[in-house]
Amino acid sequence: GQNIDQPTEMTATEGAIVQINCTYQTSGFNGLFWYQQHAGEAPTFLSYNVLDGLEEKGRFSSFLSRSKGYSYLLLKELQMKDSASYLCAVRSYNAGNNRKLIWGLGTSLAVNP
Amino acid sequence: KAGVTQTPRYLIKTRGQQVTLSCSPISGHRSVSWYQQTPGQGLQFLFEYFSETQRNKGNFPGRFSGRQFSNSRSEMNVSTLELGDSALYLCASSLGVNTGELFFGEGSRLTVL
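The shown structure was predicted, so the numbers you read here are calculated from the model rather than taken from an experiment.

**Things to note about the sheet that holds strand β3 (residues 19-24) of chain B**
Residue and element names in this part refer to chain B.
(1) Moving on: With antiparallel pairing, the four strands of this open sheet are ordered in space as β1-β3-β8-β7. Each edge of the open sheet carries a strand with a single partner, namely β1 (5-7) and β7 (64-68). Direction aside, neighbouring strands of the sheet carry axes that sit 15° apart on average.
(2) Moving on: Where β7 lies against strand β8 (residues 74-78), five bridges are found, and the strand directions are antiparallel. Note that in β8 the partner of Q68 across the bridge is S74.

**Here we look at the packing of aromatic side chains**
Here the distance between the centres and the angle between the planes together describe a pair of aromatic rings.
(1) Moving on: Applying the stated rule across the entire model yields 15 aromatic pairs over all chains.
(2) Moving on: Seen in terms of ring centroids, A:Y35 and B:F104 are 5.7 Å apart; in terms of plane orientation they differ by 90°. Their pairing is edge-to-face. Of this pair, A:Y35 sits in strand β4 (residues 32-37) while B:F104 sits in strand β10 (residues 103-104), placing the two residues on different chains.
(3) Moving on: Note on B:F104: relative accessible area 9%, which makes it buried.
(4) Moving on: Every member of this aromatic cluster is reached through a ring pair, and the members are A:F33, A:Y35, A:F45, A:Y48, A:W103, B:Y35, B:F45 and B:F104.

Criteria and thresholds
- Residues numbered from 1 in each chain as written.
- Chains lettered and ligands numbered in written order.
- Predicted model: local features only at pLDDT ≥ 70, side-chain atom pairs only at ≥ 80, totals over all residues.
- Heavy atoms only, no water.
- Pairing = 2+ DSSP bridges.
- Helix = DSSP H or I, 4+ residues; strand = E, 2+ residues; numbered from the N terminus.
- Axes fitted to C-alpha atoms, helices over the stretch in contact; angles between N-to-C directions.
- Phe/Tyr/Trp six-rings, centres within 6.5 Å; stacked < 30°, edge-to-face > 60°.
- Buried < 20%, exposed > 50% of the residue type's maximum accessible area, 1.4 Å probe, protein only.

By themselves, these are just geometric observations and shouldn't be taken as functional.
This is how it looks when you write it as structure tokens:
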């Protein structure tokens, strides 16, 4: 089957660095996405990785290892507003060989002062 | 430019009823995807439309249906509502099928009593 695993909850301190891991097992791979979702709001796009390595975008970085089925999202200089759910999603293939996104359940990050 | 607009934002129905949800994508976006989000299951893909044609479909029963109009606006319908259909229904638009970034609306929160 197709599966994405990420921790349910994490806690970190303002100003610190936190790493949110995501492991996946999917039939085919065509890219991995990270989205941020604040409570009661729509998910918003953070990053996209299709090749191995690190993609940096300001305070946020995302890493991918396709051979290990592994990604992480790194958040630096944490701010209170970073308290949110972080969703990992993999573009995979269904039985009809159509591409679709498979989503993890999300990691709820709480940033404490 | 305006984001993805979903209506209604909140609605309450009873078992057996049917419901229609509407989604207006970002101007110029031709692909619309629908997702069901619940705390226990996360984001579950319902279907994707592009140029008025369903291009991809998730594993939901036939009670869930959708369509897309020539102006790219989309509707989804759920018939014979069940308690388990209570969820946040999210619409996402993108430029094309399987392009990288999805832009989500704020969702329609459905409660079935």
